[in-house]
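# Working through the structure, step by step
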Amino acid sequence: MNIVFVHLNTEVPLYLKLNLELHVERFPEHQIFLLHNRKGKIPKMKGIEAVEIQENHRWRQLDSLYSHPKDFRNNFWLTSSARLFALEQFMEKGIREVIHVESDVILAEDFPFSIFPNLKKSLAFPLISEERAAASTVYLRDWGAAELLTSNLIESARLNPQTTEMLALRRLYERHESTIQPLPLVGTFESNHRNISQ
């Protein structure tokens, strides 16, 4: 399984470096990637493969659709959503079986990697409420799953320029429930893995 973190536009913060080191130590049998768009400015980290991602026309399209304030935390709303485009670019090269992890999320030691390849659904992420879902931990089987995420994001922004990836993910689940597996939000997966694999 490929564990993928995404960090865009700014230097890699200390908390992410520490989190990457923790995941390398905790999951030595899995390949860990850091997707970024800071050419030549990503420090080399043992056990981490840094992959440069290019901003493309779809990022710019989303930026033009969003009406969020661009001066908030280095265009936070776009950057938060653009990681889904980074995942799509990464998987376009034929990469399969990806677990995307947000920079401040730590996977539990009992995270059930082995059940994901056997899922009947090609996409999985947590649902937070009736209105929102989270990209805190996202399973993507292949490029098709990643493309579904980004197409939905563009479409959601066309309908509502104030949308976020959390609102868009929930909308995606409602429209494609048959292809998306909800993941548990908290606690260890040991007590929840039977619900995931059904």
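Below is a short write-up of the structure. In this text, all values refer to a predicted model and were calculated from it rather than measured experimentally.

### Some words on the environment of Leu35
- Structurally, the position occupied by Leu35 is in strand β2 (residues 31-36).
- When its relative accessible area of 0% is taken as the criterion, Leu35 is described as buried.
- On a C-alpha basis, the gap between Leu35 and Leu8 in space is 7.8 Å, while along the polypeptide they are 27 residues apart.
- Other than its neighbours up to four places away in sequence, Leu35 contacts Val4, Phe5, Val6, His7, Val51, Ile53, Ala86, Leu87 and Phe90.

### Remarks on unusual backbone geometry
- At Asn9, a position not held by glycine, the phi torsion is positive, near 80°.
- If you trace the backbone, Asn9 turns up in the loop between β1 (2-7) and α1 (14-26).
- Backbone geometry at Glu97 places phi at a positive 55°, although glycine is not the residue there.
- Along the chain, the position of Glu97 falls in the loop between α3 (76-91) and β4 (98-101).

### Observations concerning the nonpolar core
- Residues Leu35, Phe90, Leu123, Phe125, Leu140 and Leu149 are the most contacted members of the largest nonpolar core, which totals 36 residues.
- Mapped onto this core, the elements with two or more residues apiece are β1, β2, α2 (57-65), α3, β5 (123-126), β6 (137-140), α4 (143-159) and α5 (165-175).
- The greatest single-element share of this core, amounting to eight residues, is contributed by α3.
- Residues contacting Phe125, with those up to four places away along its chain left out, are Ala133, Ala134, Thr137, Val138, Leu149, Leu169, Leu172, Tyr173, Ile180, Gln181, Pro182 and Leu183.
- By size, the runner-up hydrophobic cluster in this structure holds 23 residues, among which are Val12, Leu16, Phe116 and Ala124.

Rules behind the numbers
Residues numbered from 1 in each chain as written. Predicted model: local features only at pLDDT ≥ 70, side-chain atom pairs only at ≥ 80, totals over all residues. Heavy atoms only, no water. Helix = DSSP H or I, 4+ residues; strand = E, 2+ residues; numbered from the N terminus. Buried < 20%, exposed > 50% of the residue type's maximum accessible area, 1.4 Å probe, protein only. Contact = heavy atoms within 4.5 Å. Core = buried A, V, L, I, M, F, W, Y, C linked by side-chain atoms within 4.5 Å.

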